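Each chain is listed here by its residues.
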Amino acid sequence: MSTIKLTVNGKAVSAEVEDRTLLVHLLRETLNLTGTHVGCDTSQCGTCVVHIDGKAVKSCTVLAGQAAGSNVTTIEGISKGDELHPMQAAFRDNHGLQCGYCTPGMIMSSIDIVNRYGGKLDEETVRHELEGNICRCTGYHNIVKSVLDAAGRMKVAQAAE
Amino acid sequence: MYETTYHRPSSVDEAAALFAKGKEAKYLAGGHTLLPVMKQRLASPSDVIDLGKIKDLVGIEMSGDALTIKAATTYFDILQSADAKKAIPAIVHLTSVLGDPQVRYRGTIGGSIANNDPAADFPAAVLALGATVKTNKRSIAGDGFFKGLFSTALEDGEIITAISFPIPARAGYSKMRHPASRFALTGVFVVKTKAGDVRVAATGASQNGVMRVPAVEAALKANWSAGALDNVTISTDGLLADIHGSSAYRANLIKVMAQRAVTAAG
Ligand SMILES: Cc1cc2nc3c(=O)[nH]c(=O)nc-3n(C[C@H](O)[C@H](O)[C@H](O)COP(=O)(O)OP(=O)(O)OC[C@H]3O[C@@H](n4cnc5c(N)ncnc54)[C@H](O)[C@@H]3O)c2cc1C
Ligand code: FES
Ligand code: FES
């Protein structure tokens, strides 16, 4: 057992967990943040994506201990109260989800993509960059539309700040 | 995953000492091979020693004729490196088609070559460029580093500290990606050295892991062009055959990927 100290969605957190605990299990089982999902055993599906120090990573493939001392953001941490993050709003408006299982990971990955590319995103880049996220429902088309729409909204939101 | 004890040393010496003390210790870098394998219970190290936070193991340096990438440098950092782009753009291209964005944020060059997966990308770059693998004990020539499937010249507990790539006159990499795993169905790295030598390595193709391809090297040495390979035949001896492709398919891929790599190298 070890005590892991980290920041999750802006709050300092300290948890006593076994060393073999994966970050995703710390989030879901110890901190009850069940928005982050587990969809595979092979690090391939991306439903578990969260940000560690601003980078989109698969939390099923990071030990809780590796994340100690860092700043973790999950799907629960991106809206401002009742106001959805522009990426969440774009997914809703463009029907970017059906069952919603992949959606938290899709949104966390997509925010990272927009952060890296800014206004230079095109459809081909979005499709290439979403390779680490699998969706069994939508056929991706509306997900790609959502990300491109959100890229525009995030630019406007940044300009307003 | 079985129980284990996690350590986060801050120096290479401390890591090596922890390894020596552990019953069945393993180093952890990006964790994007080791953790999936531990989850499948195919590995059950008593101690997991994290190299990822050791400052001396992260960074990219240019010095004279070589580009040196320290072992725990992530793929993402390689993609960001202006030095790497300038010195050996083929390495940056290889990194951009490796895995997916999340894998590239975590995975490291040292983890990739220590693991020596027969379909991994970086072993091809190390072998074709004739890189030197530096460890906490010695320097190992790229030609003698890879020893077949998932095995290398590393001794128990030895830590890769950096990989030093001589800057070539030209280099290119082309890979046929497996559409689900993104590993190489076959990938070929071609190099023309500053001394005029030609070195070519293929990954994903052979039953023994990464290999040189003498037939392609000879043809390109005589004439550095994609067309020079039109009439080259690659032997199917020792090539992989599985549900993804026969050995004849892979032999043809070696040629086609080599042609594309030469075109990319210019
Ligand atoms: C979804 C997915 C897709 C992938 N696609 C590709 C791909 O297309 N191409 C590709 O090449 N790879 C691919 N990979 C593998 C990825 O590149 C791994 O990150 C890499 O193989 C291992 O690097 P790591 O830093 O994660 O190592 P770890 O998993 O931490 O370690 C791997 C092994 O190397 C040892 N090790 C690590 N660092 C050192 C060191 N400095 N000295 C000595 N031993 C060390 C460890 O003990 C362990 O045995 C993929 C992985 C995933 C999960
Ligand atoms: S749960 Fe599938 S990649 Fe993490
Ligand atoms: S919406 Fe169902 S998996 Fe993507």
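Residues numbered from 1 in each chain as written. Chains lettered and ligands numbered in written order. Predicted model: local features only at pLDDT ≥ 70, side-chain atom pairs only at ≥ 80, totals over all residues. Heavy atoms only, no water.

### Some points on helix α3 (residues 103-117) of chain A
Residues and elements named next belong to chain A.
Move 1: An ideal rise of 1.5 Å per residue puts 21 Å on 15 residues; α3 measures up with 21 Å between its terminal C-alpha atoms.
Move 2: Counting buried positions over the 15 residues of α3 gives 12, a clear majority of the element.
Move 3: Taken together, the buried positions of α3 are occupied by Thr103, Pro104, Gly105, Met106, Ile107, Met108, Ser109, Ser110, Ile111, Asp112, Ile113 and Val114.
Move 4: Just downstream of α3 lies Gly118, where phi reads positive at about 55 degrees. (Helix = DSSP H or I, 4+ residues; strand = E, 2+ residues; numbered from the N terminus. Expected span 1.5 Å × (residues − 1). Buried < 20%, exposed > 50% of the residue type's maximum accessible area, 1.4 Å probe, protein only.)

### Section: the nonpolar core
Residues and elements named next belong to chain A.
Move 1: Ranked by size, the top nonpolar core spans 44 residues in total, and within it Leu6, Leu23, Ile52, Met87 and Val147 carry the most contacts.
Move 2: Contributing elements (two or more residues each) for this core: β1 (2-8), β2 (11-17), α1 (23-30), β3 (49-52), β4 (55-58), α2 (86-93), α3 and α5 (141-160).
Move 3: Both domains that meet at this core, namely domain 1 (2-77) and domain 2 (86-160), each give it at least three residues.
Move 4: What Leu23 contacts, discounting residues up to four positions off in sequence, is Leu6, Val50, Ile52, Ser59, Val62, Leu63, Ala64 and Ala67. (Core = buried A, V, L, I, M, F, W, Y, C linked by side-chain atoms within 4.5 Å. Domains from an automatic or database assignment. Contact = heavy atoms within 4.5 Å.)

### Description of the interface of chain A and chain B
Move 1: Contacts between chain A and chain B engage 30 residues on the former and 33 residues on the latter.
Move 2: Carbon and sulfur atoms make up 52% of the surface buried where chain A meets chain B, a total of about 2500 Å² over both sides.
Move 3: When the buried surface of chain A facing chain B is broken down by residue, Arg20(A), Gln66(A) and Glu131(A) rank first, second and third, together holding 25% of it.
Move 4: Run the count over chain A and chain B and you get 3 salt bridges.
Move 5: Note that Arg20(A) and Glu3(B) form a salt bridge whose closest N and O atoms lie 3.8 Å from each other.
Move 6: Where the side of chain A that touches chain B is concerned, the elements lending two or more residues are β3, β4, α3 and α4 (123-129) of chain A.
Move 7: Among the residues making up the side of chain A that touches chain B, the classes are represented as 10 nonpolar, 10 polar and 10 charged. (Buried area = accessible area lost by both parts, 1.4 Å probe. Salt bridge = Lys/Arg side-chain N within 4 Å of Asp/Glu carboxyl O. Nonpolar A, V, L, I, M, F, W, Y, C, P; charged D, E, K, R; others polar.)

### Quick word on the packing of α3(A) against α5(A)
Residue and element names in this part refer to chain A.
Move 1: Direction vectors running N to C along α3 and α5 enclose 50 degrees, while the axes themselves pass 10 Å from each other. By the angle class used here, α3 and α5 are oblique. Where α3 crosses over α5, the handedness of that crossing is right-handed. Residues Met106, Ser110, Ile111, Val114 and Asn115 of α3 form the contact with α5, whose own contacting residues are Ile143, Val147, Ala151 and Met154.
Move 2: Tallied by class, residues from the contact of α3 with α5 come to 7 nonpolar, 2 polar and no charged. (Axes fitted to C-alpha atoms, helices over the stretch in contact; angles between N-to-C directions. Parallel < 35°, antiparallel > 145°, perpendicular 65-115°, else oblique. Left-handed = near helix turned anticlockwise from the far one by under 90°.)

### Considering the environment of Ala15(A)
Residue and element names in this part refer to chain A.
Move 1: Within the secondary structure, Ala15 sits in strand β2.
Move 2: In this structure, the C-alpha to C-alpha distance between Ala15 and Ser110, residues 95 residues apart in sequence, is 29 Å.
Move 3: Setting aside residues no more than four positions away along its own chain, Ala15 makes contact with Ser2, Thr3, Ile4, Leu26 and Thr30.

### Focus on the domain arrangement of chain B
Residue and element names in this part refer to chain B.
Move 1: According to the domain assignment, chain B consists of domain 1 (5-50), domain 2 (56-166) and domain 3 (170-265).
Move 2: Counting residues at the interface gives 26 residues for domain 2, matched by 22 residues for domain 3.
Move 3: Here domain 2 packs against domain 3, burying approximately 1900 Å² in sum over the two surfaces, 62% of which is carbon and sulfur.
Move 4: For the pair domain 2 and domain 3, the number of links is 4 salt bridges.
Move 5: Residue Asp143 pairs with Arg199 through a salt bridge whose shortest N-O separation is 2.8 Å.
Move 6: Where domain 2 packs against domain 3, one counts 15 residue pairs in polar contact (both at pLDDT 80 or more). (Polar contact = N/O pair within 3.5 Å; in protein donor to acceptor, adjacent residues only side chain to side chain.)

### Some thoughts on the site of ligand 1
Move 1: Around ligand 1, the structure places 31 residues, and the nearest of them are Tyr27(B), Ala29(B), Leu34(B), Tyr75(B) and Thr108(B).
Move 2: Ligand 1 sits at the junction of chains A and B, each of which supplies nearby residues.
Move 3: The side chain of Tyr75(B) places a nitrogen or oxygen atom 2.7 Å from an oxygen atom of ligand 1.
Move 4: Between a nitrogen atom of ligand 1 and a main-chain N or O atom of Ile160(B), the distance comes to 2.9 Å.
Move 5: In the complex, the protein chains occlude 95% of the 970 Å² of accessible area that ligand 1 would expose alone.
Move 6: Elements with a minimum of two residues in the shell around ligand 1: β2 (25-28) and α7 (109-115) of chain B. (Near = heavy atom within 4 Å. Areas by Shrake-Rupley, 256 points an atom, 1.4 Å probe, with all protein chains shown as cover.)

### As for the domain arrangement of chain A
Residues and elements named next belong to chain A.
Move 1: For chain A, the assigned domains read domain 1 (2-77) and domain 2 (86-160).
Move 2: Taken together, the contact between domain 1 and domain 2 spans 18 residues of the former and 14 residues of the latter.
Move 3: Regarding the contact of domain 1 and domain 2, the summed buried area is about 1200 Å², with carbon and sulfur atoms giving 60% of it.
Move 4: Of all residues in domain 1, His37, His51 and Ile75 give up the largest surface area on contact with domain 2, accounting jointly for 39% of the area buried on that side.
Move 5: The interface formed by domain 1 and domain 2 holds 0 salt bridges in total.
Move 6: Joining domain 1 to domain 2, the criterion identifies 6 residue pairs in polar contact (both at pLDDT 80 or more).
Move 7: Of all elements in the fold, only β3 and β4 reach the threshold of two or more residues within the side of domain 1 that touches domain 2.

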